[in-house]
Amino acid sequence: MLGKGASSSLNPRILTTFAGDSRLIRSTRPLPLLLRSNPGIKPVSMQLSRTLSGITNLLFNRSNVDELPGIKRKRLRPGKVSPCRPVPSDIPQPPYVKSRKPPGIVSGPEVHDETGIDCMRASGRLAAQVLEYAGSLVKPGITTDEIDQAVHQMIIDNGAYPSPLGYGGFPKSVCTSVNECICHGIPDSRALEDGDIVNIDVTVYLNGYHGDTSKTFYCGEVDEEAKKLVQV
């Protein structure tokens, strides 16, 4: 945020903090210098303190694309995404499915009547049940696309619509975010491996109301660092 009298010509600078580290990390270099490109040598050359070397290697160093610092497993790579799954025509769809445009931000609070609250409870309850079922499927060898198929079928069997499907063009019925994928991962052909963690984000549209919930699950034997991440 620029204070009063700040010039719009000021170079942007990075100011950030990291959880678990009480130190505040500042970069005194302008952003264009921080992310200086050197064609023919390396895709990106980072001018950062040693404190940031791990995260910058993870995000920008393409010379070791399949290796993660201090971790034995390989970096996450996207698999093949199967075609969108059909939804019966008699199941009501959210308005954004036809427009393919996400809804805008509401201008104020909404007050629901007793019927609306009951519908909210029903959609939330179904979402929780679907999430519990999806979590029971997590094991080494299963693909996130297979989890999507199971989630999709359970939702439509209950007369609801899988909210992610068609939201802003999203191609699947559930979000599956594995390991370093932060959120809204697209289910694909990659099989889950022993030691993975996977966040499953389930949202259902039932009787005009969305029920939304998510949880991160362990796949097989997970190391202590991953467990701590999930717990925190």
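Residues numbered from 1 in each chain as written. Predicted model: local features only at pLDDT ≥ 70, side-chain atom pairs only at ≥ 80, totals over all residues. Heavy atoms only, no water.

### Section: the overall build of the protein
When helices and strands are tallied, the protein shows six helices and eight strands. Going from the N terminus to the C terminus, the protein shows its helices and strands as β-β-α-α-β-β-α-α-α-β-β-β-β-α. Residues classed as buried in the protein amount to 32% of the 232 residues present. Sequence-distant contacts, at least 24 apart, represent 55% of the contacts inside the protein between residues at least 6 apart. A total of about 15200 Å² of accessible surface is found on the protein, and carbon and sulfur atoms cover 54% of it. (Helix = DSSP H or I, 4+ residues; strand = E, 2+ residues; numbered from the N terminus. Buried < 20%, exposed > 50% of the residue type's maximum accessible area, 1.4 Å probe, protein only. Contact = heavy atoms within 4.5 Å. Areas by Shrake-Rupley, 256 points an atom, 1.4 Å probe, with all protein chains shown as cover.)

### Focus: the side chain of Thr203
Within the secondary structure layout, Thr203 lies in strand S7 (residues 197–206). Among the residues examined, Thr203 registers a relative accessible area of 13% and is labelled buried. At 2.8 Å, the side chain of Thr203 and the side chain of Asp212 are in polar contact. Once residues within four sequence positions are removed from consideration, Thr203 is found in contact with Ile155, Tyr161, Pro162, Ser163, Pro164, His210, Gly211 and Asp212. (Polar contact = N/O pair within 3.5 Å; in protein donor to acceptor, adjacent residues only side chain to side chain.)

### So, the pattern of salt bridges
Under the criterion given, the structure shown has seven salt bridges. The salt bridge involving Glu224 is made with Lys227; its shortest N-O contact spans 3.7 Å. With Glu224 and Lys227 both in helix H6 (residues 224–231), this residue pair falls three residues apart, about one helical turn. Overlapping salt bridges, with partners in common, bring together Arg85, Asp145, Asp148 and Lys172 in one network. (Salt bridge = Lys/Arg side-chain N within 4 Å of Asp/Glu carboxyl O.)

### Here's the deal with the pairing of strand S8 (residues 209–218)
The pairing of S7 with S8 spans ten bridges and is classified as antiparallel. If you follow Val202 over to S8, its bridge partner there is Thr213. (Pairing = 2+ DSSP bridges.)

### As for the layout of surface pockets
Its boundaries defined by the atoms lining it, the second largest pocket holds a volume of some 360 Å³. Lining the second largest pocket are Tyr96, Pro103, Ser163, Pro164, Tyr167, Phe170, Cys175, His184, Asp201, Thr203, His210 and Asp212. Contributing elements (two or more residues each) for the lining of the second largest pocket: S7 and S8. Residue composition of the lining of the second largest pocket, by class: six nonpolar, four polar and two charged. (1 Å grid on protein atoms, 1.4 Å probe; cavity = no way out; pocket = protein on both sides within 12 Å on 5 of 7 lines; lining within 4 Å. Points joined across faces, edges and corners; volume = space filled by probe spheres on them. Nonpolar A, V, L, I, M, F, W, Y, C, P; charged D, E, K, R; others polar.)

### Looking at helix H4 (residues 114–136)
With 23 residues, H4 should cover 33 Å at 1.5 Å per step; its first-to-last C-alpha distance of 33 Å lies within 8% of that length. All of the buried residues in H4 are Gly116, Cys119, Ser123, Leu126, Ala127, Val130, Leu131, Ala134 and Gly135. Residue Asp113 occupies the N-cap position of H4, its side-chain oxygen lying 3.3 Å from the main-chain nitrogen of Thr115. (Expected span 1.5 Å × (residues − 1).)

### Some points on the confidence of the model for the protein
When the pLDDT values of the protein are averaged, the result is 79; 69% of them are 70 or greater. In this model residues 1–53 is a low-confidence stretch, pLDDT under 50, and it forms 48 contacts with partners more than four residues away in sequence or in other chains. (pLDDT = per-residue confidence, 0-100.)

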